[in-house]
Amino acid sequence: MKAIHIIAVGALAIVVSYLYVYHGGSQEPMKFPTDGYFGPGKKTADDTSIKPFKINVPDEVLKDLKERIKRTRIGHKQLEDVQDFTYGMNLKTVMDFKNYWETKYDWRKAEAQLNYFPQYTTQIEGLKIHFIHAKPPANKYKVVIPLLIVHGWPGNVYEFYKIIPYLSDPNNHFDGAESDIAFEVIAPSIPGYGWSEASQKSGFDQIATARIFRKLMNERLGFKRFMVQGGDWGSLVVTNLGRMYPEFLYGVHVNMAFVMNAKANFLSILGSFFPTLMFKDKEFYDYSVKKMFLEIIKESGYMHIQATKPDTVGIGLNDSPIGLMTYILEKFSTWTNPSFRNLADGGLEKKFTKDELLTIVTIYWINGNIIPSQRYYREYFANLEAQEFAKQYLRVPTALASFPHDLGIRLPREIVETAMNITHFTLMKDGGHFAAFEMPKQLATDIIAFTTETVRVV
Ligand SMILES: *[C@@H]1O[C@H](CO)[C@@H](O)[C@H](O)[C@H]1NC(C)=O
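The name an unreviewed UniProt entry gives the protein is Epoxide hydrolase, with Panagrolaimus davidi as the organism.

> Can you help me understand the sheet that holds strand β8 (residues 394-402) in this one?
Adjacent strands of a sheet form backbone hydrogen bonds with each other and so pair up, either parallel or antiparallel. The strand order β1-β2-β3-β5-β4-β6-β7-β8-β9 describes an open sheet built from 9 strands, whose pairing is mixed. Of all strands in the sheet, those bounded by a partner on one side alone are β1 (51-53) and β9 (420-427). Each neighbouring strand pair of the sheet contributes to a mean axis angle of 30°, computed without reference to strand direction. Examined bridge by bridge, β1 and strand β2 (residues 119-124) share 3 bridges and lie antiparallel to one another. Among the inter-strand pairings, F53 is bridged to a residue of β2, identified as Q119. Those strands touched by helix α7 (residues 206-220) are β2, β3 (127-134), β4 (143-150), β5 (181-188) and β6 (226-230), and its axis lies near 110° from that of β2.

> Teacher, can you tell me more about the site of the ligand here?
In the region of the ligand, the neighbouring residues are Y393, R395, P397 and N421. At 2.4 Å from an oxygen atom of the ligand is found a side-chain nitrogen or oxygen belonging to N421.

> How should I be thinking about the pairing of β3 in this particular structure?
Along a regular strand, successive side chains alternate from one face of the sheet to the other. Of all 8 residues that make up β3, 7 are buried, and the element is covered over most of its length. Linkage of β2 to β3, two consecutive antiparallel strands, is achieved through a turn of 2 residues, within which E125 is found at a positive phi near 50°. Judged from the 4 bridges that link them, β3 and β5 form a sheet pairing that is antiparallel. Paired with A134 across the bridge in β5 is V185.

> So what exactly am I meant to see when it comes to the side chain of S373 here?
Tracing the sequence through the fold places S373 in helix α17 (residues 370-381). A polar contact is formed between the side chain of S373 and the backbone oxygen of I370, at a distance of 2.9 Å. Excluding anything up to four places from it in sequence, S373 contacts W153, G192, Y193 and Y364.

> Got a minute to help me understand the nonpolar core in this structure?
A general trend in soluble globular proteins is that nonpolar side chains are found buried together. In terms of nonpolar packing, the biggest core is built from 136 residues, with W107, W153 and M325 touching the most fellow members. The leading source of residues in this core is helix α16 (residues 354-367), at 8 residues.

> Even after reading the chapter, I still don't get the UniProt feature "domain: Epoxide hydrolase N-terminal" (unreviewed entry) in the protein, so can you show me in this structure?
According to UniProt, the "domain: Epoxide hydrolase N-terminal" (unreviewed entry) feature falls on residues 50-160. Within residues 50-160, the helical portion is 31% and the strand portion 23%, while the C-alpha atoms at the span's ends are 21 Å from each other.

> I'm lost on helix α12 (residues 301-308) in this one. Help?
Since the α-helix turns once every 3.6 residues, residues separated by three or four places project in the same direction. Among the residues of α12, those classed as buried are Y302, Q306 and A307. Looking straight down α12, one finds that the buried residues subtend no more than 125° of arc, so they occupy a single side. In this structure, the buried side of α12 is in contact with α11 (289-299), α13 (310-319), α14 (321-334) and α17.

> Would you mind going over the side chain of E125 with me for this structure?
Along the polypeptide, E125 turns up in the loop between β2 and β3. Take E125: its relative accessible area is 2%, and that puts it in the buried class. Setting aside chain neighbours within four positions, we find E125 in contact with D35, G36, Y37, F38, G39, D46, R211, I212 and K215.

> In this structure, what is going on with the pattern of salt bridges? I would like to understand it.
A pair can form between side chains of opposite charge whenever their charged atoms are brought close. On inspection of all chains with the given rule, the structure shows 29 salt bridges. Note that K109 is salt-bridged to D355, the shortest N-O span being 4.0 Å. On the criterion of sequence distance, the pair formed by K109 in helix α4 (residues 107-115) and D355 in helix α16 is long-range, its members being 246 residues apart. The exposure class assigned to D355 is partly exposed, which follows from its relative accessible area of 24%. A salt bridge links R341 to E295, with the shortest nitrogen-to-oxygen separation between them at 3.2 Å. Of this pair, R341 sits in the loop between α14 and α15 (348-351) while E295 sits in helix α11; the two residues are 46 residues apart in sequence, bridging distant segments of the chain. The same class applies to R341 and to E295, which are both buried. Among the charged side chains, a salt-bridge network with shared partners connects D35, K43, E125, R211 and K215.

So, how was this worked out
- Residues numbered from 1 in each chain as written.
- Predicted model: local features only at pLDDT ≥ 70, side-chain atom pairs only at ≥ 80, totals over all residues.
- Heavy atoms only, no water.
- Pairing = 2+ DSSP bridges.
- Helix = DSSP H or I, 4+ residues; strand = E, 2+ residues; numbered from the N terminus.
- Axes fitted to C-alpha atoms, helices over the stretch in contact; angles between N-to-C directions.
- Contact = heavy atoms within 4.5 Å.
- Near = heavy atom within 4 Å.
- Polar contact = N/O pair within 3.5 Å; in protein donor to acceptor, adjacent residues only side chain to side chain.
- Buried < 20%, exposed > 50% of the residue type's maximum accessible area, 1.4 Å probe, protein only.
- Core = buried A, V, L, I, M, F, W, Y, C linked by side-chain atoms within 4.5 Å.
- UniProt positions renumbered as here; feature names shortened; annotations may be inferred.
- Arc of directions from axis to C-beta.
- Salt bridge = Lys/Arg side-chain N within 4 Å of Asp/Glu carboxyl O.

Here it is, written out as structure tokens:
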């Protein structure tokens, strides 16, 4: 290391430690709005009843979708010397999925899969909230823990259809398992995603989502305490729940950690220079902030668009099924494993089936989810308070199941611990961003292990 680097790192260390000591330590919990209204017009009282719900998409919607897929205008040729996903989803793979969607894909089959779990709707803060509610078999488990699981973008509750059985009835799905605990799983659609109504007002962010889901769990369903789990935006929603309402939670389990405080940045920079001194686990001896930035630059264009002008790009995606499909599936490729960028088929079917992937996309299509789901980025990134809120230390016992191929780079425990009270930390051997969808068994195992440690089972 050159002298200039040592001086630069030293100077940075002093500045950052000063900022940390100055801002950290005596942190008072930040205030947050305890109520909100996101429905149309002036605030009206919610209809607090819980109504059973079945998905039943009208035939005309499916017919219209097929016709639009058929009439897709492809306006370009694949570059002759580019056969992979490095310029985005390549045309050959687009056409392969297009043909399947048009001629073989069966929405009714997916609908039946989703309707297998009991679903309900209720109204909170002016919005219709849709949720899956799957209970363990009666009298089979000593302890039943309510578990709120929250999806992210570009996903929806369909990501959970494989993991729910492992959670709600583990002994029936894990070979030889004898678990004393099982979960009563509540999987809501974030408003604007899936079948939950989109906000009519600006400002619908991850703090509001946490508040609405707390109302769902406590006030509508009557759970006094519960466990929470999430990845992607779901991770921010459930960690916000921990910041806002620690008294209601047993713990927080995430499969992606939002870590953005000054101390973490400091550790991250220092750790890039002296990883063997800073991090215990050998896995992080090649830790590099530079590598992280390069990955982020390559993969975060979508984020900048959605954080600034979501409606402009959303109009086109909402009008073209193949445009929407391409935008979403490119993420399922790279976020499942960044090396899939270099494959002609984007590795999409290494981990998921065409049916599974197209069901995620079809849910966005039939519900017009894309614009509200993109606005969710703007509400966070254009709101300094929401970002400050997310930087507050999370005190409740927290678990991170870290999947190696998730987007960005993997964070060492020492860095994650600057942001949250990590009591359970698992470095998974395989898997990426869509953990519940790709590795349901492994993720469920980790959630059960953390819960067993955290909730005293007697
Ligand atoms: C972390 O959680 C444990 C278990 O509840 C608790 O004993 C401990 O005080 C917490 N640590 C912090 C820093 O809040």
